[in-house]
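Each chain, written out:
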Amino acid sequence: SSGINAEYGHPNQKEQDRLYNRIADSYVSLFLNISEKHKDFILKYYPSALAQSLYSTFCNVYTNSLKHFDGDFKTFLCNLTSEWICGSTPPPFSWSKWPLALLEPSNSHKDEEGRKSGLKIQPQESGEEPPMTPMFYQPRAAVESHPAGPGPVFERVQFNLFGRSPLVTHYLNTRNLGKDLLAPKLVSRTQIEKIGPQEPTYRQIIKQAKKVYDNLEEQHERAMKLSDAEARRIHKRYKEEILELSVIQRELFKRKNEVRVLSEKLIDYQNSDLYNQPGTFANIFEPYAELFKEQIEEAKKDLID
């Protein structure tokens, strides 16, 4: 972790060189002491295991600075350990599969035991499956969705097929053993230079669209209920007006003089500029509705009964 502090926090070239020498010596010693049948398997997972170990160390030592150990810090650790050991960067967000519950501080004794067992590398005798320890165990991933925005930006880099691990190269150079006997064989390697925005994803857009649709559907249903209520109100008023006109007609036929007066009013109305204008026709019958109010109320009661 001191090396990480030197590189990530306050770089000091002399201190970096000293620590990098120790790291190279330790890595070569580990490399030479792994049996051949397990070497490929262990070295395949070693950069990630080392990054997780460093992350757990920082989290448990600097507990008051946990908020600073964010995604950028985890990406830095993954890139650094992979570049030290493999000479290339890992896929973006490779840390998203880390068992963070075991790596970060916890008062749970169970988690402490899991954290200790997670640091053990126990290669299996056959196959290439990772051991089922918390360090290598990858929980079932949640349903993923592709970002809907622009994708990542790629770049082409040169990669030497006959090259060594940077740590091994540094170890040999410090002992004047770094002369290459094989000519470099360079190939072009495509890697991600910059990650595009991760949100919104298609799943999020679909979820939002469904939410908007449900909201519109709810508003439509509410509007339809209001429309139905308004239609019932209009129909009720229509029936009442028909009833009023029926009562007025019946009562007027009992009064011959009133019929003659009403007929004259209707003829005058038909010849006037007010003909067919909204509300004017009803005004002619309004006095009669007041005159025969009691009869109309009685008729309404009979209708309800």
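Residues numbered from 1 in each chain as written. Predicted model: local features only at pLDDT ≥ 70, side-chain atom pairs only at ≥ 80, totals over all residues. Heavy atoms only, no water.

Glancing now at the overall build of the protein chain. Summing up its helical and strand segments, the protein chain has 11 helices and two strands in all. The N-to-C order of helical and strand elements in the protein chain reads α-α-α-α-α-α-β-α-β-α-α-α-α. Relative to its full complement of 305 residues, the protein chain shows a buried share of 25%. For the protein chain, contacts bridging at least 24 residues in sequence account for 69% of all contacts bridging at least 6. Carbon and sulfur atoms make up 54% of the accessible area of the protein chain, which totals about 22000 Å². (Helix = DSSP H or I, 4+ residues; strand = E, 2+ residues; numbered from the N terminus. Buried < 20%, exposed > 50% of the residue type's maximum accessible area, 1.4 Å probe, protein only. Contact = heavy atoms within 4.5 Å. Areas by Shrake-Rupley, 256 points an atom, 1.4 Å probe, with all protein chains shown as cover.)

Here we come to a nonpolar patch on the surface. A cluster of nonpolar side chains, Phe93, Phe154, Ile192 and Ile195, forms an exposed patch at the surface whose accessible area comes to about 330 Å². Note that Ile192 resides in strand S2 (residues 186-194). Since its relative accessible area comes to 31%, Ile192 is described here as partly exposed. (Patch = residues over 30% accessible without salt bridge, like charges linked within 9 Å, V, L, I, M, F, W, Y side chains within 5 Å. Salt bridge = Lys/Arg side-chain N within 4 Å of Asp/Glu carboxyl O.)

This next bit is on the pattern of salt bridges. Per the stated rule, a full pass over the model turns up nine salt bridges. The partner of Arg175 in a salt bridge is Asp25, and the shortest N-O contact between them spans 3.4 Å. In this pair, Arg175 is assigned in the loop between helix H7 (166-174) and S2 and Asp25 in helix H2 (residues 13-33), connecting sequence segments 150 residues apart. Given the relative accessible area of 31%, Asp25 is considered partly exposed. A salt bridge links Arg222 to Glu218, with the shortest nitrogen-to-oxygen separation between them at 3.7 Å. With Arg222 and Glu218 both in helix H8 (residues 202-252), this residue pair falls four residues apart, about one helical turn.

Taken as a whole, the protein chain shows an average pLDDT of 76; of its residues, 75% reach a score of 70 or greater. Ranking the helices and strands of the protein chain by mean pLDDT puts helix H4 (residues 71-85) first, with 90, and helix H6 (residues 109-118) last, with 45. In the model, residues 108-126 has pLDDT below 50 throughout and makes 35 contacts with residues more than four positions away in sequence or in other chains. (pLDDT = per-residue confidence, 0-100.)

Three or more residues of H7 are buried, namely Leu167, Val168 and Leu172. All buried residues of H7 lie within an arc of 130 degrees about the axis, which places them on one face of the element. In this structure, the buried residues of H7 make contact with H2 and H4. (Arc of directions from axis to C-beta.)

Turning our attention to the packing of H2 against helix H3 (residues 36-61). Relative to each other, H2 and H3 sit at 150 degrees, their axes nearing to 10 Å. The angle between H2 and H3 places the two elements in the roughly antiparallel class. In this structure, H2 uses Tyr27, Leu30 and Phe31 to contact H3, whose residues at the interface are Lys39, Leu43 and Tyr46. For the contact of H2 with H3, the class distribution of residues is five nonpolar, no polar and one charged. (Axes fitted to C-alpha atoms, helices over the stretch in contact; angles between N-to-C directions. Parallel < 35°, antiparallel > 145°, perpendicular 65-115°, else oblique. Nonpolar A, V, L, I, M, F, W, Y, C, P; charged D, E, K, R; others polar.)

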